[in-house]
Amino acid sequence: MDPHYSAQDVARCDLCKTAIAQSYCDFCHVNLCKPCTGEHISHEYDKHKIVPFEHRRSTLIYPKCKTHPDETCKYQCIECNIFLCTDCFAFKQHNKEHKLLKLNEVYNKKKEHIKKHKEEIKKELLPTYEDIASELEVQIANLDVDYKKLTIEMTNYREELHREIDNAMNQKEKEIDENKMKHLSILKKHLDEIKQLQSLMQESLHALNEMEESNEVIPTIHYTSKNQEFSKLPPKVIVSMPTFIHKPTEKADLCSLFGKLTPLSTTLEERIFTTKKPNTSVRDLLDESEVLNTINTGYEDLCSVVCFNEDEIWTSGMTADIKCFNTQGILQKTIKTKSGTCPNDIAVYSDGALMYSDWATGTVYKVENYQTQEIIRLQGWKPSQLCVTLSGDILVSMYSIDGTQSKVVLYCGSAVKQTIHLDDDGQPLYSGDTYPKFITENRNLDICTADDGAGAIVAVNQAGKLRFRYTGRPSLTKNEPFYPAGITTDSQSRILTSDAKNHCIHILDVNGQFLRYIDNCDLKSPDGLCVDNDDNLFVCEHFSGIVKKIRYLK
C-alpha cells in the first residue's frame, strides 16, 4: 500500500497528491496544501470558499442546475419534483404559483431525521437484535440439555418396558418350573409303581428258587404262578412337554407399540418491534427507611428468609427446623429437614412449594404438602445457596468437597442447563472456598452473587459473562471490610445486599453503581434478605433471630 494514502496517514492535497493539506475548498470540496491554494483560487470561479482543513464541509453542496450549469439549485418544486436555481425564477422559466421548498430547510429536517434514526438504530433496534441473538444463543446452548431430557424420557420408558418384559418372562419361567415339578412328580410316581412290581417279582423269583431246591410236597403242589399277573405290563405314561408359542410380531408393529416421536416442526412467529417507553412505575428511594414490623423467629442463629406472598415468610437458621410465619409474626407451620441437620438455604417456588439445600447429604429437596422429595443430588460437590428464577428454573451455588472451587449451576428440574464458573480469561469468577455464595436473579436476567469469601458482589449476564464486580464503597462511618451476606433484587432491578460487619444494607443500581445505604433501622448483623411483591424488604438479624420488615421505596 502507498504510505501516502494509508489509513494511518494524514490527509494529502488533492491537487499535488503529496503535500499535507492545510486548507479545504468548501465550494469545490477538495483538500489543498498552501502552494496549491493560490493556484486553485486563480481559476475562473469566483465562488471558491477556502477554510482551514479542520473546518471543512461547513457549507452545503447544492446540485448543479441542468438549465444554468454555472448556478446551483437551492430550491425544490413540490409539484414538479425538480430542483431550481435563482435564474430559473429570474427568466420566468418556472410557474410562480408552484409551491417551493428551500433545499437547506429540507436538508436540515432530513439531517434531524437521520440523527433520530441513527439513535433509534443504536439505542433500540440494535439492542433488540442483540436480545434476539442472545435468545437464540441461549436456545442453542440449551439444545443438548433439552434433547438429553428427551433421550432420558425415552430411556426411562425403555427401562420401564424392560421391567414389564422381564416381569412377564419371569412369570412364564415360573410356569415352566411349576410344569417341570408336575412332570417330575408324575414320572417319579410311575417309577415307584414299577419298582414296587420289580420288588414283587424279585420276591416271587426267590420263592421259586427255594421251591425248586425243596423236597416238600405240599408247597410245591399248592404253587400258583403269578407270571400272568406280571406279564400284564403297566401302562406307559406319556407326559407331553410344554412348548413356548411366541406371538409373532412384525418389526413395524413392534415400533408402534413403543409410541412415536413427533416430527420436528418449525413455525415462524411474527416479531413486532415496539419502541421502548419510559417506565411509568418507577419508585424512588426513601430518604429515610422505616421499620414496619419485627418478627421474632426464636432462632439463635438466623440465616435465611424468603417470601411466599405478602402474608407469609419462610425462615431457617442453624437448626433442622424450617419455620413459616405470617407477617404479624405468628408461627404457621414447621418442617424438619430430612437429615436432621440445618439447611444451607431455602427458596420457594411460585406455587408455594418449599425447597432447601442440605450440605450433609449433598442434596436439594422439595417439600410439598409435607412430602419431601429429592430433586438434585450432587457428586463431589456440596450445595450452598438457592434461587428460583423467573422462568421456574433453579440456581444452585456450590463448592467442591475439598473446598478449593465454587460455581453456580442452573438446573431445569434435575438436569443441568448451564454452569457458570470461569470468566473470559479462564479465571474463576468466584472465590474457591466453602463460604456461602448467596445468589439471586435480577429482573434483567443477570445472575447476582454475594461472594462472602471474596468480599464482592459478582454479576454475570444470562450467558454467564461477567458484567461487574462491586467490592464495597469507601466510607468514614463504615470501618469494617465489606463482606456481603444475603442478596436480593427489587422491581426496579436494584440490588440489595447485607453488610453484616457494618450493620447496614447496600443498595446498587442494575449496573452495580452504589446508590445509598439502609443504615438507620438499628440493624444488627444483617444476614439473609428478600423482598415481597410490594418491594417491602425483609432482613434477618443473625444473632437476635429477628426479621425486620422495612419500607425503603416511596
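These lines cover the structure that appears in this document, whether it is placed above or below.

**Side note on the packing of aromatic side chains**
Working step 1: Taken as a whole and judged by the stated rule, the model has three aromatic pairs.
Working step 2: The aromatic ring of Tyr349 is capped on one face by Lys366, whose charged end is 4.7 Å from the ring centroid.

**Let's talk about the side chain of Lys407**
Working step 1: On the secondary structure map, Lys407 appears in strand E18 (residues 406–412).
Working step 2: Summary of buried charges: Lys407 has no salt-bridge partner, and the nearest side chain of opposite charge, Asp402, is 11 Å away.
Working step 3: Setting aside residues up to four positions removed in sequence, Lys407 forms contacts with Trp381, Val396, Ser397, Met398, Thr419, Ile420, His421 and Tyr430.

**Description of helix H3 (residues 103–213)**
Working step 1: For H3, with 111 residues, the first-to-last C-alpha span of 157 Å sits near the 165 Å given by 1.5 Å per residue.
Working step 2: At Asn142, H3 shows its strongest bend, of approximately 45°.
Working step 3: Tucked into the core, H3 has its buried residues touching strand E4 (75–77), strand E5 (82–84), strand E6 (100–102), helix H5 (227–231) and strand E19 (415–420).

**Re the pairing of E18**
Working step 1: Of all seven residues in E18, six are buried; the element is thus mostly enclosed.
Working step 2: Relative to E18, strand E17 (residues 394–400) is paired through six bridges, and the arrangement is antiparallel. From the neighbouring strand, Ile394 faces E18, where its bridge partner is Tyr411.
Working step 3: Hairpin remark: E17 followed by E18, antiparallel, with five residues in the connecting loop; positive phi at Gly403, about 75°.
Working step 4: Strand direction decides the pairing type here: E18 and E19, joined by five bridges, are antiparallel. If you follow Tyr411 over to E19, its bridge partner there is Val416.

**Some remarks on the pairing of strand E8 (residues 302–307)**
Working step 1: Counting buried positions along E8 yields six of six residues, so the element is predominantly enclosed.
Working step 2: Pairing geometry for E8 and strand E9 (residues 312–317), over five bridges, is antiparallel. For Cys307, the partnering residue across the bridge sits in E9 and is Ile313.

**Regarding the layout of surface pockets**
Working step 1: What the largest pocket holds in volume is close to 920 Å³.
Working step 2: In terms of lining, the largest pocket is formed by 38 residues, of which the most central are Val306, Cys307, Val348, Val388 and Val531.
Working step 3: Ranked by the residues each element gives to the lining of the largest pocket, the list is headed by E8, at five residues.
Working step 4: Partitioned by chemical class, the residues of the lining of the largest pocket number 19 nonpolar, 14 polar and five charged.
Working step 5: Lining the second largest pocket are 23 residues, and of these Cys303, Pro436, Phe438, Asp527 and His542 lie nearest its centre.

**Focus: unusual backbone geometry**
Note: most peptide bonds trans; most residues except glycine with negative phi.
Working step 1: Its identity as a non-glycine residue notwithstanding, Ser525 has a phi of 50°, on the positive side.
Working step 2: Inspection of the secondary structure assignment puts Ser525 in the loop between strand E27 (514–518) and strand E28 (526–531).
Working step 3: A positive phi angle, close to 65°, is found at Asp535, a residue other than glycine.
Working step 4: For Asp535, the location among the structural elements is in the loop between E28 and strand E29 (537–541).

**Section: the sheet that holds strand E13 (residues 354–358)**
Working step 1: Read from one edge to the other, the open sheet built from four strands follows the order E12-E13-E14-E15, with strand pairing classed as antiparallel. The sheet terminates laterally at strand E12 (345–348) and strand E15 (371–377), the two strands that pair on one side only. Taking each pair of neighbouring strands and ignoring which way they run, the sheet shows an average axis angle of 25°.
Working step 2: Bridge count for E13 against strand E14 (residues 363–368) is five bridges, and the pairing is antiparallel. Counted as the bridge partner of Leu354 is Val367 from E14.

**Concerning the environment of Thr72**
Working step 1: With respect to the helices and strands, the residue Thr72 is situated in the loop between strand E3 (50–52) and E4.
Working step 2: Those residues in contact with Thr72 that lie beyond four places of it in its chain are Tyr62, Pro63, Lys64, Cys65 and Cys85.

Conventions and cut-offs
- Residues numbered from 1 in each chain as written.
- Predicted model: local features only at pLDDT ≥ 70, side-chain atom pairs only at ≥ 80, totals over all residues.
- Heavy atoms only, no water.
- Phe/Tyr/Trp six-rings, centres within 6.5 Å; stacked < 30°, edge-to-face > 60°.
- Lys NZ or Arg CZ within 6 Å of the ring centre and 35° of its normal.
- Helix = DSSP H or I, 4+ residues; strand = E, 2+ residues; numbered from the N terminus.
- Buried < 20%, exposed > 50% of the residue type's maximum accessible area, 1.4 Å probe, protein only.
- Lys, Arg positive; Asp, Glu negative; His and termini not counted.
- Salt bridge = Lys/Arg side-chain N within 4 Å of Asp/Glu carboxyl O.
- Contact = heavy atoms within 4.5 Å.
- Expected span 1.5 Å × (residues − 1).
- Bend = angle between axes of the 7 residues up to and from the residue.
- Pairing = 2+ DSSP bridges.
- 1 Å grid on protein atoms, 1.4 Å probe; cavity = no way out; pocket = protein on both sides within 12 Å on 5 of 7 lines; lining within 4 Å.
- Points joined across faces, edges and corners; volume = space filled by probe spheres on them.
- Nonpolar A, V, L, I, M, F, W, Y, C, P; charged D, E, K, R; others polar.
- Axes fitted to C-alpha atoms, helices over the stretch in contact; angles between N-to-C directions.

The values reported here are purely geometric and, on their own, carry no functional implication.
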